[in-house]
Amino acid sequence: MPAGDSPVVASEPAVTDANISDLTVLIVEDEPLIAMSLEDALLDQGVTCLGPAGSVAAALGMIEAGGFDIALLDVNLRGERVDAVADRLAAAGIPFIFTTGHGAEGLPDAHRTRPVIGKPFRDVDITDALVRHRPR
Amino acid sequence: MTRLLDPSAGTLASDGTPAGRGLLIPCRVLLLEDNGMDADLVREHLLMIDDHDFDIQRVDTRQSFIDAVANGGPYDLILSDFDLPDFDGMSALAIARERLPRVPFIFVSGMLGEENAIEALKKGATDYVVKLRMERLQVVVRRALVEARDRNELADKRQALAESEARLRFALEAGRLGSWELTLADNRLRVSSICAANLGLSDPDKLTSYDQLLAHVHPEDRDYQQAMVQQAVNSGSPLDMEYRTIWPDGSVHWVQVRGRAVYDRDGTPTGLAGVSLNITDRKKAEERQLLLLEELNHRVKNTLAMVQSIAKQTLRAAPSVEAFPDAFQSRLRALAQAHDLLTRRQWQGASLSEIAALTLEPHVHAGRVTVGGPPVNLTTGVAVSLHLAFHELATNAAKYGALSAENGRVELDWEIAKPDQPPVRAGKDGHAGALVLRWRESGGPPVVTPTRRGFGSRLIERGLAHELEGDVALAFDPAGVRCRLVIPLSSRVSPQ
């Protein structure tokens, strides 16, 4: 297929023109390379980043400390499921978006209706999701 | 070619008698008779019997009789005189009954009192003929032969049946197949010991009804089990199902059951019969397989995300588009090498010295690189991260640092520091101590601090520090690049 004319079928319209530079985002991700990539995507949009938290304990500590608007949450941290982290965020009323290499079946049962971004992701997937799910 | 049939064997008609003209029933006769004239008389009468081809072997002494019988004949008939010079008929009978119990034994004697006759029949003689009424011989022999044939045929069938049952039982046991039979009228169940063992029961007599069986089926599988049985009865289609059973000790096991309904002449189902097999091992393997596939999917996606990240960050840091491919491919190769090493270790982790050797192997020449430290185990994630970090340091050293000059040297060493030693903070996991790792370059061209942090610096200073929850100091010392990592010991980084 010639470059530049590949059809891009978007299930939802892109909303990247919205400004998210006022946001502070907590990154929960155990793979440093992926965390760095997330940071880059967010810093490019002027977003402030916290983390990355690479373990359930570290993530819980950072939620305790607070100071962020929304979280990006890997579903598995060093073999440990993040159910406890999702529960804590939900209880605190902080929105969050799962990032996962598993399908939807890997999500914590109590949080199956939460937004999910599959790995590998495009930068625009991240920023779109933040615009869509940021606190109003 | 394998010969399955003896071509010399006669063909039998459908009623089991020899077919065709001139086909006579061969009949080998052992005749114990000391008198030649009497023997001829017997022979004459035998030859008058239709449809038989008699082959008569005559013996006249005790020893020759014993030899003939001992050699196993094989004879179809024994005819014996009652009185012989060195032998007597009753002894001959006793020997014949012991050696050839299936061969009819008929006395042919000049005189045989009533008492002797009764005694002979009691001891197993088939019949007797007195020489004065030799014409009876034809009738007696013919009847004895027919009866013997019938008897032998029945015995052969019984034996064949017993052997067939034994073979079937052996095959079932060898295949660990249990067998079962259900009678629908009263829901009675009969199971073999293996079938009972498949349900964790040592005694097959403890399982005598369908309801008892159901009680051993996992509650979640009971409806399915009953539905499948019902369907097999209603439709006549083969039963083939797999369900879980709960053994008396509470453990869960899988069985596969195959069978088919049995019907009477009116087509009414009367029962079911079939086999059962313990398939717990296979089920466990299938579950493992699913888990592995899921894990593989996860790893592939994660690796793709890592590759994507490496590509993006390499592109960002590349001074020119031309510089991108080499930098990107070299990092991909490092990632692939780490995966190779971890695959060799069954993804159970790796040792720090293995990782260091893997990274520095291309540069270990002329003794310019030294690596050393105590044994330390790393989990897979840490191993990959450290390898990528070392790779960045080594690549930088080869391009701009100590390994770019002829006499430059790199030292990579590490030690385990006690909790109270200066570089170690109190770790979150308690005071377990720390791994202190040093990278030191010397003898290279003067080091200039880069104006902006590249991918390698960022990976080491940000990524590694975060991932290992440790302290990282990367210094562009004019005398040589130095890097010190202080990583708290944990289950991920542990001395051997």
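Going by the structure above, here's the rest.
Because the structure is predicted, anything quoted here is derived from the model rather than measured. Throughout, a residue's number is its position along its own chain's written sequence, starting from 1. Starting at A for chains and at 1 for ligands, labels are handed out in the order in which the entities are written. Selection of residues for local features in this predicted model requires a pLDDT of at least 70, selection of side-chain atom pairs for listing and counting requires 80 or more, and totals for whole chains, interfaces and linings are taken over all residues.

1. A closer look at the overall build of chain A
Stage number 1. Secondary structure summary: chain A contains 4 helices and 7 strands in total.
Stage number 2. To qualify as a helix, a DSSP run of H or I must reach at least 4 residues; to qualify as a strand, a run of E must reach at least 2; elements of each kind are numbered from the N terminus. Secondary structure elements in chain A, listed N-terminal to C-terminal, are β-α-β-α-β-β-β-α-β-β-α.

2. What about the overall build of chain B?
Stage number 1. Looking only at helices and strands, one finds 13 helices and 20 strands in chain B.
Stage number 2. Two residues qualify as being in contact provided that their C-beta atoms, derived from the backbone, are within 7 Å of each other. Counting only contacts in chain B whose residues sit at least 6 apart along the sequence, the fraction spanning at least 24 positions is 59%.

3. Some thoughts on the sheet that holds strand E16 (residues 409-417) of chain B
Residue and element names in this part refer to chain B.
Stage number 1. Paired strands, as defined in this entry, are two strands with at least two bridges between them according to DSSP. The strand order across the open sheet formed by 5 strands is E14-E16-E17-E19-E18, and the pairing between neighbours is mixed. Each edge of the open sheet is held by one strand with a lone partner, namely strand E14 (369-372) and strand E18 (471-477). Each strand of the sheet is rotated relative to its neighbour by a mean of 10°, with strand direction disregarded.
Stage number 2. Taken together, the 7 bridges between strand E17 (residues 434-442) and strand E19 (residues 480-488) define a ladder with antiparallel strand orientation. Bridge pairing in E19 links Ala434 to Pro488.
Stage number 3. Against the sheet, helix H12 (residues 380-399) makes contact with E16, E17 and E19, and its axis sits at roughly 170° relative to E19, the strand it touches most. Axis angles are defined between N-to-C directions and span 0 to 180 degrees, where every axis is a line fitted to C-alpha atoms and, for a helix, only to the segment in contact.

4. Quick look at the interface of chain A and chain B
Reports often express the size of an interface as the amount of accessible area lost when the parts come together.
Stage number 1. The interface of chain A with chain B comprises 16 residues on the first partner and 20 residues on the second.
Stage number 2. For the side of chain A that touches chain B, the element with the highest residue contribution is helix H1 (residues 32-44) of chain A, accounting for 7 residues.
Stage number 3. Three residue categories are used. Nonpolar comprises Ala, Val, Leu, Ile, Met, Phe, Trp, Tyr, Cys and Pro, charged comprises Asp, Glu, Lys and Arg, and polar comprises the others, including Gly. Each residue belonging to the side of chain A that touches chain B can be placed in one class, and the counts come to 7 nonpolar, 4 polar and 5 charged.

5. With respect to the sheet that holds strand E2 (residues 52-59) of chain B
All names here are of chain B.
Stage number 1. Strand order in the open sheet formed by 5 strands is E2-E1-E3-E6-E7, with parallel pairing between adjacent strands. Since the sheet does not close on itself, it has two edges, and those belong to E2 and strand E7 (127-130), each with one partner. Neighbour-to-neighbour, the strand axes of the sheet open up by a mean angle of 25°, direction not taken into account.
Stage number 2. Bridge count for strand E1 (residues 25-32) against E2 is 8 bridges, and the pairing is parallel. In the strand pairing of E2, Arg28 is matched with Asp55.
Stage number 3. In this fold helix H1 (residues 36-47) packs onto E1, E2, strand E3 (77-80) and strand E6 (105-109), with an angle of close to 165° to the strand it touches most, E2.
Stage number 4. Here helix H2 (residues 62-70) sits on the sheet in contact with E1 and E2, set at roughly 135° to E2.

6. A closer look at the packing of helix H10 (residues 324-344) of chain B against H12(B)
All names here are of chain B.
Stage number 1. Between H10 and H12, whose axes approach to 10 Å, the crossing angle comes to 140°. The handedness of the crossing between H10 and H12 comes out as right-handed. The segment H10 lies against H12, with Ser330, Ala334, Leu335, Ala338 and Leu342 engaging Thr380, Ala383, Val384, His387, Leu388, His391 and Thr395.
Stage number 2. Grouping the constituent residues of the contact of H10 with H12 by class yields 7 nonpolar, 5 polar and no charged. Throughout, a crossing is termed right-handed when the near helix is turned clockwise from the far one, and left-handed when it is turned anticlockwise from it by less than a right angle.

7. A word on the nonpolar core
Residue and element names in this part refer to chain B.
Stage number 1. Buried Ala, Val, Leu, Ile, Met, Phe, Trp, Tyr and Cys residues form a nonpolar core when they are connected through C-beta atoms within 7 Å. Residues are called buried when their C-beta atom has 20 or more other C-beta atoms within 10 Å, exposed when it has 12 or fewer, and partly exposed otherwise; all C-beta atoms are positioned from the backbone. Ile355, Leu378, Ala383, Ala389, Leu435 and Val493 are the most contacted members of the largest nonpolar core, which totals 45 residues.
Stage number 2. Broken down by element, the residue count for this core peaks at 10 residues, all from H12.
Stage number 3. Contact partners of Leu378, with chain neighbours within four places excluded, come to Gly349, Ala350, Ser351, Leu352, Ile355, Ala383, Leu386, Arg492 and Val493.

8. Some remarks on the packing of helix H2 (residues 56-65) of chain A against helix H3 (residues 83-91) of chain A
Residue and element names in this part refer to chain A.
Stage number 1. Their axes nearest at 9 Å, the elements H2 and H3 cross at an angle of 10°. Accordingly, the angle class assigned to the pair H2 and H3 is roughly parallel. Note on element contacts: H3 touches H2 through Ala84, Val85, Arg88 and Leu89, opposite Val56, Ala59, Leu60 and Ile63.
Stage number 2. Of the residues belonging to the contact of H2 with H3, the class tally is 7 nonpolar, no polar and 1 charged. By definition in this entry, angles of less than 35 degrees are roughly parallel, angles greater than 145 are roughly antiparallel, angles of 65 to 115 are roughly perpendicular, and the rest are oblique.

9. Focus on the pairing of strand E2 (residues 48-53) of chain A
Each regular strand displays side chains that alternate between the two surfaces of the sheet.
Residues and elements named next belong to chain A.
Stage number 1. Bridge count between strand E1 (residues 24-28) and E2: 4 bridges; the pairing is parallel. Paired with Thr24 across the bridge in E2 is Thr48.
Stage number 2. What joins E1 to E2 is H1, and the crossover it makes is right-handed. Crossovers are described as right-handed under a simple rule: with the strands pointing away from the observer, the path leading from the first strand over the helix to the second runs clockwise.

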